[in-house]
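# A look at the structure
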Amino acid sequence: MAKLFRAAIMGPPGSGKGTISKRIAQSFGLLYLSSGHYLRESMAAKTEAGVLVKSYVERSMLVPDHVMTGLMLSRLEQVSGHSWLLDGFPRTLSQAQALNNLYQLDLVISLNIPYETLRERLSDRWIHPASGRVYNLGFNPPQAQGKDDITGEPLIQHDDDKPEALMARLRHYKDVAKPVIDLYKSQGVLHSFSGTDTDRIWPYINSLLSTKMHTQPSDTCHTH
Ligand code: G5P
């Protein structure tokens, strides 16, 4: 049986984690597990945990580690025979340590995108609140202006995509991500990508994945 491949993608809000993850999943057949997706699913189910989660996500605050770790590790247990890619988890050192106790990651992709690029992207971002589908007016606009492609329902913009809130989110992201990045660097599995365009970064990630799925990890930086 082929060795299972375990990967994670990290990056600030709007850095393109979701967009790149979907391409990786499609091209390399990895299961795509997104923390944001599972959180939105639990919010939509309106369970006790979902109501708690909502109170954090709505204020753009990190969901407590024990809740997040419980949610993701139970998902991972259900897919133990698969190769996977985690998007948005782990985000804190405590989450990374909990994951590390059970799984050794083969590859961690870290996206470094300039603040100004993130600001522009997120201010163009529109969301279908019921499904969590995300549109970008420049990059992947909806077929009809202001309407979700599948349901035709109205799209909304998040308050926390406004500049002041965004600045605070990005600063917080950096502080929390630093020890996680250091941990994966020390394990020799971290690969960082810098640039302003997902379409320009993607070929490098694509070629890294192509070789990585057959070779040993190394610690590398890529700027595009
Ligand atoms: P999420 O859902 O993980 P965020 O805020 O980390 O949310 P987000 O905003 O979904 O991440 P992303 O996935 O990095 O961003 O980026 P994306 O959605 O692919 O792209 C952003 C936009 O830019 C899109 O409109 C896309 O089309 C566009 N775009 C992409 N590339 C380009 C490009 O090259 N050019 C242009 N012009 N546009 C482009 O987490 C949500 C919340 O859940 C909680 C937190 O509260 C978090 O805020 N949470 C956790 N809490 C604790 N621990 C965890 N592990 C948690 N995970 C989630």
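Residues numbered from 1 in each chain as written. Predicted model: local features only at pLDDT ≥ 70, side-chain atom pairs only at ≥ 80, totals over all residues. Heavy atoms only, no water.

## Re the confidence of the model for the chain
- When pLDDT is averaged across the chain, the result is 89; 94% of the residues are at 70 or more.
- For the stretch residues 216-220, pLDDT sits under 50, and the model shows 14 contacts to residues farther than four places along the chain or on other chains. (pLDDT = per-residue confidence, 0-100. Contact = heavy atoms within 4.5 Å.)

## Quick look at the site of the ligand
- Around the ligand sit 31 residues in total, of which T19, S35, R91, R125 and T198 are the nearest.
- One of the backbone N or O atoms of M61 is found 2.7 Å from an oxygen atom in the ligand.
- R91 places a polar side-chain atom, nitrogen or oxygen, 2.3 Å from an oxygen atom of the ligand.
- Notes on the ligand: free accessible area 1100 Å², of which the protein chains cover 89%.
- Those elements that provide at least two residues to the shell around the ligand are α1 (17-28), α2 (35-44) and β6 (133-136). (Near = heavy atom within 4 Å. Polar contact = N/O pair within 3.5 Å; in protein donor to acceptor, adjacent residues only side chain to side chain. Areas by Shrake-Rupley, 256 points an atom, 1.4 Å probe, with all protein chains shown as cover. Helix = DSSP H or I, 4+ residues; strand = E, 2+ residues; numbered from the N terminus.)

## What to know about the packing of helix α5 (residues 93-100) against helix α7 (residues 163-186)
- The N-to-C vectors of α5 and α7 enclose an angle of 35°; their axes lie 8 Å apart at closest approach. Contacts between α5 and α7 involve L93, A96 and L99 from the first element and P179, V180, L183 and Y184 from the second.
- In terms of residue class, the contact of α5 with α7 is made up of 7 nonpolar, no polar and no charged. (Axes fitted to C-alpha atoms, helices over the stretch in contact; angles between N-to-C directions. Nonpolar A, V, L, I, M, F, W, Y, C, P; charged D, E, K, R; others polar.)

## Some thoughts on the environment of T211
- Position of T211 relative to the elements: it lies in helix α8 (residues 198-212).
- Of the residues examined, T211 reaches a relative accessible area of 47% and is grouped as partly exposed.
- In this structure, the C-alpha to C-alpha distance between T211 and G29, residues 182 residues apart in sequence, is 15 Å. (Buried < 20%, exposed > 50% of the residue type's maximum accessible area, 1.4 Å probe, protein only.)

## Description of the packing of aromatic side chains
- Under the defined criterion, the tally for this structure stands at 1 aromatic pair.
- Aromatic pair W84 and Y103: ring centres 5.4 Å apart, planes at 80°, arrangement edge-to-face. Of this pair, W84 sits in strand β3 (residues 84-87) while Y103 sits in the loop between α5 and β4 (107-112); the two residues are 19 residues apart in sequence, bridging distant segments of the chain.
- Among the residues examined, W84 registers a relative accessible area of 0% and is labelled buried. (Phe/Tyr/Trp six-rings, centres within 6.5 Å; stacked < 30°, edge-to-face > 60°.)

## Observations concerning α1
- Counted at 1.5 Å a residue, the expected span for α1 with its 12 residues is 16 Å, and the 16 Å between its end C-alpha atoms agrees.
- Within α1, burial applies to K17, I20, S21, I24, A25 and F28. An end-on view of α1 places all buried positions within 140° of arc, on one side of the element. Of the exposed residues in α1, those oriented more than 90 degrees away from the buried face are K22 and Q26.
- Each element contacted by the buried residues of α1 is listed here: β1 (6-10), β2 (31-34), β3, β4 and α8. (Expected span 1.5 Å × (residues − 1). Arc of directions from axis to C-beta.)

## Quick look at the pattern of salt bridges
- A complete count under the given rule lists 6 salt bridges for this structure.
- In this structure, D199 and R23 form a salt bridge, with 2.8 Å as the shortest nitrogen-oxygen distance. In this pair, D199 sits in helix α8 while R23 sits in helix α1, placing the two residues 176 residues apart along the sequence.
- R23 gets classed as partly exposed once you look at its relative accessible area, which sits at 22%.
- Linking D182 and K178 is a salt bridge whose minimum nitrogen-to-oxygen distance equals 2.8 Å. Note that D182 and K178 are positioned in helix α7 at a spacing of 4 residues, about one turn of the helix.
- Judged by relative accessible area, D182 falls into the partly exposed class, the value being 33%. (Salt bridge = Lys/Arg side-chain N within 4 Å of Asp/Glu carboxyl O.)

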